[in-house]
Amino acid sequence: MPLDNAFFNTWTPRAQALLRIVTGYMFLWHGSTKLLGVPHVAAFDKLQLLSLVGLAGVLELVGGILLLLGLFTRPAAFIISGEMAFAYFIGHAPRGNALMPMLNQGELAIEWCFVFLFFAAAGPGAWSLDGLRHRPAVQ
C-alpha cells in the first residue's frame, strides 16, 4: 500500500483513537490511585474527597474513563485539559524553573494538557461511543 493521502485518510482516525484510548487508560489510573487506592500509593492514604487533590482524582478517573470509551470526548477532554494546566501552574511551576518542566516534574501535566486540548478540538477519532451516538438512524 503506498503512503499517499488515501493511506493517511484511512489511518489517521484510527491512530487518533489509539492515542485517545491509551491516554485515557493511563489517565484513569491516576484517579484510581487517589480515590480507590489501586494501585496503592501511600501519599494518598488519607486523601479527602473534597480536597483539591481529591477533586482532581474524580476528574482523572471519570475523565479517563470517558476518554477511553470515547464518550462525551470533546467536553471531557476540554475539562481535563484545564485540570492539567491548573495542575502545572499550581503544583509544578511553584517548585521553580517554570519554563523547565523537567526540573519541576511537570512534563506529564503539560503533555496531557495539550493532548487533551487536541481531543477537545479534533474529537475522538475512530472507535468511539460518540461515533455511535452520532451515527444516522437506519430507516
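For the structure, see preceding data.
Here goes a summary of the coordinates provided. Predicted model, so just to flag it, every value in this text is computed and none were measured. (Residues numbered from 1 in each chain as written. Predicted model: local features only at pLDDT ≥ 70, side-chain atom pairs only at ≥ 80, totals over all residues. Heavy atoms only, no water.)

**Here's the deal with the overall build of the protein chain**
Line of reasoning, step 1. Within the protein chain, the regular secondary structure consists of 6 helices and 0 strands.
Line of reasoning, step 2. Listed by position from the N terminus, the elements making up the protein chain come as α-α-α-α-α-α.
Line of reasoning, step 3. Dimensions of the protein chain along its principal axes, counting C-alpha atoms only, are 55 × 35 × 25 Å.
Line of reasoning, step 4. Here the protein chain holds 139 residues, and the buried ones make up 32% of them. (Helix = DSSP H or I, 4+ residues; strand = E, 2+ residues; numbered from the N terminus. Buried < 20%, exposed > 50% of the residue type's maximum accessible area, 1.4 Å probe, protein only.)

**Overview of the packing of helix H1 (residues 5-35) against helix H2 (residues 52-69)**
Line of reasoning, step 1. Contact geometry for H1 and H2: axes closest at 7 Å, N-to-C directions at 150°. Considering the angle they form, H1 stands roughly antiparallel to H2. Crossing hand, H1 versus H2: left-handed. Contacts from Arg20, Ile21, Gly24, Tyr25, Phe27, Leu28, His30, Gly31, Ser32, Lys34 and Leu35 of H1 reach H2 at Val53, Gly54, Gly57, Val58, Leu59, Glu60, Leu61, Gly64, Ile65, Leu67, Leu68 and Leu69.
Line of reasoning, step 2. A per-class count over the contact of H1 with H2 returns 13 nonpolar, 7 polar and 3 charged. (Axes fitted to C-alpha atoms, helices over the stretch in contact; angles between N-to-C directions. Parallel < 35°, antiparallel > 145°, perpendicular 65-115°, else oblique. Left-handed = near helix turned anticlockwise from the far one by under 90°. Contact = heavy atoms within 4.5 Å. Nonpolar A, V, L, I, M, F, W, Y, C, P; charged D, E, K, R; others polar.)

**With respect to the pattern of salt bridges**
Line of reasoning, step 1. Applying the stated criterion to the full structure yields 2 salt bridges.
Line of reasoning, step 2. Among the ionic pairs, Arg133 bridges to Asp130, the shortest N-O distance being 2.8 Å. Here Arg133 and its partner Asp130 are both found in helix H6 (residues 129-133), 3 residues apart, which amounts to about one turn of the helix. (Salt bridge = Lys/Arg side-chain N within 4 Å of Asp/Glu carboxyl O.)

**Focus: the packing of H1 against helix H5 (residues 107-122)**
Line of reasoning, step 1. The geometry of H1 relative to H5 is characterised by a closest axis approach of 11 Å and an angle of 135° between their N-to-C directions. With respect to their mutual orientation, H1 and H5 come out oblique. Crossing handedness for the pair H1 and H5: left-handed. Mapping the contact onto sequence places Gln16, Leu19, Arg20, Thr23, Met26, Phe27 and His30 in H1 and Leu108, Trp112, Val115, Phe116, Phe118, Phe119 and Ala122 in H5.
Line of reasoning, step 2. Taken together, the residues of the contact of H1 with H5 break down into 10 nonpolar, 3 polar and 1 charged.

**Some thoughts on a nonpolar patch on the surface**
Line of reasoning, step 1. Together, Val22, Tyr25, Met26, Trp29, Leu36 and Val38 make up an exposed nonpolar region whose accessible area comes to about 570 Å².
Line of reasoning, step 2. Position of Met26 among the secondary structure elements: in helix H1. (Patch = residues over 30% accessible without salt bridge, like charges linked within 9 Å, V, L, I, M, F, W, Y side chains within 5 Å. Areas by Shrake-Rupley, 256 points an atom, 1.4 Å probe, with all protein chains shown as cover.)

**Focus on the packing of aromatic side chains**
Two aromatic rings, taken as a pair, are described by how far apart their centres are and by the angle between their planes.
Line of reasoning, step 1. In the structure shown here, the tally under the stated rule is 7 aromatic pairs.
Line of reasoning, step 2. Plain terms: the ring middles of Tyr88 and Phe89 are 5.3 Å apart, the flat faces sit at 85° to each other, and that makes the pair edge-to-face.
Line of reasoning, step 3. Since its relative accessible area comes to 4%, Tyr88 is described here as buried.
Line of reasoning, step 4. For Phe89, a relative accessible area of 59% puts it in the exposed group. (Phe/Tyr/Trp six-rings, centres within 6.5 Å; stacked < 30°, edge-to-face > 60°.)

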